[in-house]
Amino acid sequence: MATPVPVLRLPKGPDPNSRGFDPNSPRFIALCRTSISSSAASDTDSEQLQKEQHARSVLREGFLRCLLSMTNKKVQFQMYENVKVEATFGASDIDVLNFQVSDLHTPIGVQKEALIRCQDVISFTFDV
Amino acid sequence: MMQCSWPLMGPLRWLHYVNKEVKVRAGKGEEHRGWLLSVDPVSASVVLVSFGEAVAVRVVMGHAVEAVEVLRAADDETAKRLRSVFLPPPSPCLDPKELRQRRDALRRWLQENRIPVEEEGEELKVAGVLTIAAPYSGQDCRSSNQIILDRIQRLVGIQDCTNQRLPL
């Protein structure tokens, strides 16, 4: 039987307010020039902003579930310059800038672990 | 080079494309057809699903989208099918007595591990920031704090393995 592990104090988690959606965070400014911020027009109308936020969370949840179901599956990436590669999907970062993959099949061999830059990808496909 | 306005449309306009069959032009002359399941608000990437022998999913990166054309709307059955594409299979229903036993066992286990836990109706509230709903497995933990969520899920997982319960 597993012995209980005493936990004296749970640590404070990371700040939940600056996770990829805050356009003023240093990470966003450094990396996410192409990421999309919320529209300026909605600042003036709180009801509109509420609707937009609801839409945003519904859409993001759908996308995150898609990424979740992709884990450990074979994915074919269609990239620029007519490059097609296949790999086993690992994870994405929060801003969808990089994908971590394993067993990346490239024209010059199989890369055990790799990071794919999303800017280089046109589309990717997998079977559920 | 003209920049496509797709990434600038915003969540409210993207929402109108959900559950529609669309044709997406991307990159250098690529064209993809499928049911639009979602658009990522962070990257404007389009999730397309096609039902064939297998359920095939294609995601077109937002920065590569040239044009999106709506072909038709999904009927109720297709919409229902689309909603369930990425959802986990439904967990089997347990009777209230067994649920209560599981809840009590889990509460005792957390208390043994010096974790503050309270019963809130049918759910367990952990440290005021995490909720565990029926049937009280690692997948039923909800919290906005990632570190606490991870720790509690691991603890629940240990208990599940010890009791040789099948993962739900």
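Taking an unreviewed UniProt entry as the reference, chain A is identified by name as SUZ-C domain-containing protein belonging to Oreochromis aureus.

**Section: the overall build of chain B**
For chain B, the helix and strand inventory stands at 4 helices and 9 strands. Going from the N terminus to the C terminus, chain B shows its helices and strands as α-β-β-β-β-β-α-α-β-β-β-β-α. Across the 168 residues in chain B, those meeting the buried criterion constitute 46%. Considering only residue pairs separated by 6 or more positions, chain B has 43% of its internal contacts joining residues 24 or more positions apart.

**Looking at the overall build of chain A**
A count of helical and extended segments in chain A gives 2 helices and 5 strands. Secondary structure of chain A in N-to-C order comes out as α-α-β-β-β-β-β. Here chain A, with 128 residues, has 37% of them falling under the buried criterion.

**What about the sheet that holds strand β7 (residues 123–126) of chain B?**
All names here are of chain B. Read from one edge to the other, the open sheet built from 4 strands follows the order β6-β7-β8-β9, with strand pairing classed as antiparallel. Of all strands in the sheet, those with a lone pairing partner are β6 (117–120) and β9 (141–143), marking the two edges. Taking the axes of each pair of neighbouring strands and ignoring which way they run, one obtains an average angle of 25° across the sheet. Where β7 lies against strand β8 (residues 130–132), 3 bridges are found, and the strand directions are antiparallel. Bridging across to β8, Lys 125 finds its partner in Thr 131.

**A short note on the packing of aromatic side chains**
Residues and elements named next belong to chain A. Scanning the model with the defined rule gives 6 aromatic pairs over all chains in all. Relative to Phe 124, the ring of Phe 77 has its centre 5.6 Å away and its plane inclined at 40°; by these criteria the two rings are tilted. Here Phe 77 is found in strand β1 (residues 74–79), whereas its partner Phe 124 is found in strand β5 (residues 121–127), with 47 residues between them in sequence. Residue classification places Phe 77 among the buried positions, given a relative accessible area of 1%. Judged by its relative accessible area of 0%, Phe 124 falls in the buried class. Centre to centre, the rings of Phe 89 and Phe 99 are 5.4 Å apart; their planes meet at 75°, and the pair counts as edge-to-face. Here Phe 89, found in strand β2 (residues 83–92), pairs with Phe 99, found in strand β3 (residues 98–106); they are 10 residues apart in sequence, far enough to count as distant. Across the pair, exposure class does not vary: Phe 89 and Phe 99 are buried alike.

**Observations concerning the interface of chain B and chain A**
Taken residue by residue, the interface counts 47 residues in chain B and 43 residues in chain A. Each partner contributes to the roughly 3,900 Å² buried at the junction of chain B and chain A, and carbon and sulfur atoms together form 68% of this total. Arg 60 of chain A is the salt-bridge partner of Asp 40 of chain B, the closest N and O atoms lying 2.7 Å from each other. The interface formed by chain B and chain A contains 10 residue pairs in polar contact (both at pLDDT 80 or more). The residue makeup of the side of chain B that touches chain A, split by class, is 30 nonpolar, 10 polar and 7 charged.

Each value, and the rule that gives it
Residues numbered from 1 in each chain as written. Chains lettered and ligands numbered in written order. Predicted model: local features only at pLDDT ≥ 70, side-chain atom pairs only at ≥ 80, totals over all residues. Heavy atoms only, no water. Helix = DSSP H or I, 4+ residues; strand = E, 2+ residues; numbered from the N terminus. Buried < 20%, exposed > 50% of the residue type's maximum accessible area, 1.4 Å probe, protein only. Contact = heavy atoms within 4.5 Å. Pairing = 2+ DSSP bridges. Axes fitted to C-alpha atoms, helices over the stretch in contact; angles between N-to-C directions. Phe/Tyr/Trp six-rings, centres within 6.5 Å; stacked < 30°, edge-to-face > 60°. Buried area = accessible area lost by both parts, 1.4 Å probe. Salt bridge = Lys/Arg side-chain N within 4 Å of Asp/Glu carboxyl O. Polar contact = N/O pair within 3.5 Å; in protein donor to acceptor, adjacent residues only side chain to side chain. Nonpolar A, V, L, I, M, F, W, Y, C, P; charged D, E, K, R; others polar.

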